[in-house]
Every structure is written in C-alpha cells, then in structure tokens.
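Structural overview
Take a look at the letters that make up each chain.
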Amino acid sequence: MVPGSKLSAGDVIALWEEHFQRKGREWLRVLSGSMAPFLNVDDEVLVERAEPVNIGRGDVIVFRNRGKLETHRVIKVFRKNGTSFLQKGDNVLNAAIVRGEQLIGKVVAVKKPGKTIMFSSKKGKAINFILTLFSISTYYLAQKKSLPSKFALPALNKMKKVFLYGLKKGVF
C-alpha cells in the first residue's frame, strides 16, 4: 500500500503508465539512490516514450522490473535477436540485462530543487556524457579485480564526486 492511500504500489504504477501512454511523456519521481548523486530521491525525471531501437549507450531509461519502475543508465546495447540493454545505476557497480520489451521510455530531463536540466541542452549533454564515462569505467574496472583497478576505482569515484560538487555549486 502507498502510505496515506488505499492504492497499492502496483495500482499507482498502473495509473502512471496509463497516463504516460496517453500523453507520451510524463514526470516520474525518483524513489531510490541508485543513480545518486546526479538523480537523488525525490528528484523528478521527465520520461518520453521511446522505442528500443532508438536507445543508445549513455541514455537514461525507465523500465519495468519485478513490478517496479526503475531508472538506470544504458552502458551497452545488444541488437541480436531483438534489442536488450546492459544497464546500471551510476551509484552501483553491478549491471544487469534489460530486454527491450521492459522499456517504458527515455529520460529527457531532470527536475532538481530550484532547477531543471534538459538532456538535450549543451549542459545536459555534457553532464550525461561525463557521467556515462564514469559509469562505464567503474563497471568495467570493478569486473577486473586487479591491483591497478583497486586504485583506479576509488580515484574515478572521487573525480565523479568533485565533478558533481562543481556542478552543484555552478562551476560547470
């Protein structure tokens, strides 16, 4: 059940999806920290309808997973026998495959307290590009488990934090 409501979480998701299907785009509240610190709990993302063939590396997507909606970054696309994506949260090391049929849409903007960042703007493209590099790099370095990887991974995470701090302070 949703607190203060007689609707279950599944009912709320079904209502949101029905509204989204009619309009083709809709704001969705972020409920987890898997994409932090860029997408934080209670930020909102603008989701736009998209076909799996139009999704590429670096896109942030919303997809169905075990009765929930998740928002993660695509780090690799597979186009053999249909489309599927290797996706992960920016704040986690592991990744998982999502089939094209699970795709709801593509995130085109994020609304944070006091500002909205459009992914199509120069600033939005630059932020998304840099965070994609961090996300892909940390995923592949975490898989290696070699001594250089053990030093590179914390360094990459520190650079990401410095970048996002600068972003928050308006340096970028």
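Look a little higher up for the structure.
Residues numbered from 1 in each chain as written. Predicted model: local features only at pLDDT ≥ 70, side-chain atom pairs only at ≥ 80, totals over all residues. Heavy atoms only, no water.

A few words on the nonpolar core. Of all hydrophobic cores here, the largest spans 22 residues; its most connected members are F38, L39, V45, V47, V110 and L131. Only helix 1 (9-23), strand 2 (44-49), strand 3 (60-65), strand 7 (103-112), helix 2 (122-144) and helix 3 (147-168) provide two or more residues apiece to this core. Sequence-distant contacts of L39, defined by excluding residues within four places in its chain, comprise V30, S32, V45, V60, T71, V110 and K112. A50, I61, F63 and V98 belong to the second-largest nonpolar core, a separate cluster that totals eight residues. (Core = buried A, V, L, I, M, F, W, Y, C linked by side-chain atoms within 4.5 Å. Buried < 20%, exposed > 50% of the residue type's maximum accessible area, 1.4 Å probe, protein only. Helix = DSSP H or I, 4+ residues; strand = E, 2+ residues; numbered from the N terminus. Contact = heavy atoms within 4.5 Å.)

As a further point, take helix 2. The end-to-end C-alpha distance of helix 2 is 34 Å, a good match for the 33 Å that 23 residues give at a rise of 1.5 Å each. Every buried residue of helix 2 is listed here: G124, I127, N128, L131, T132, F134, S135, I136, T138, Y139 and A142. (Expected span 1.5 Å × (residues − 1).)

Before going further, it helps to examine the pairing of strand 8 (residues 115-118). A regular strand carries its side chains on alternate faces of the sheet. Here strand 7 runs beside strand 8; their pairing, made up of four bridges, is antiparallel. Bridge assignment links K112 to a residue of strand 8, and that residue is K115. The loop that links strand 7 with its antiparallel partner strand 8 comprises two residues; one of these, G114, has a positive phi angle of about 85°. (Pairing = 2+ DSSP bridges.)

An α-helical segment advances 3.6 residues per turn. Residues three or four places apart therefore align on the same side. Compared with an ideal rise of 1.5 Å per residue, which puts 15 residues at 21 Å, helix 1 spans 21 Å between its outermost C-alpha atoms and is within 8% of the ideal. All of the buried residues along helix 1 are I13, W16, E17 and F20. The buried residues of helix 1 occupy one face: seen down the axis, they fall within an arc of 100°. Where helix 1 is buried, its residues contact strand 1 (25-29), strand 2, strand 3, strand 4 (68-78) and strand 7. Looking one or two residues beyond helix 1, the residue adopting positive phi is G24, at roughly 85°. (Arc of directions from axis to C-beta.)

Turning our attention to the pattern of salt bridges. In this structure the tally under the stated criterion is nine salt bridges. In this structure, R64 and E17 form a salt bridge, with 2.8 Å as the shortest nitrogen-oxygen distance. Placement of R64 in strand 3 and of E17 in helix 1 is noted, with a sequence separation of 47 residues between them. Classification of E17 by relative accessible area gives buried; the value is 14%. Across the pair E48 and R25 runs a salt bridge whose closest N-O atoms are separated by 3.4 Å. Of the two residues, E48 sits in strand 2 while R25 sits in strand 1, which places them 23 residues apart along the sequence. (Salt bridge = Lys/Arg side-chain N within 4 Å of Asp/Glu carboxyl O.)

Moving on to a nonpolar patch on the surface. A cluster of nonpolar side chains, L7, V12 and L15, forms an exposed patch at the surface whose accessible area comes to about 230 Å². One can find V12 in helix 1. (Patch = residues over 30% accessible without salt bridge, like charges linked within 9 Å, V, L, I, M, F, W, Y side chains within 5 Å. Areas by Shrake-Rupley, 256 points an atom, 1.4 Å probe, with all protein chains shown as cover.)

To continue, consider the side chain of Q87. Within the element layout of this structure, Q87 appears in strand 5 (residues 84-88). Since its relative accessible area comes to 5%, Q87 is described here as buried. Within the structure, the side chain of Q87 is placed 2.5 Å from the side chain of H72, a separation counted as a polar contact. Apart from residues no more than four positions distant in its own chain, Q87 is found in contact with F63, H72, R73, V74, I75, A95, A96 and V98. (Polar contact = N/O pair within 3.5 Å; in protein donor to acceptor, adjacent residues only side chain to side chain.)

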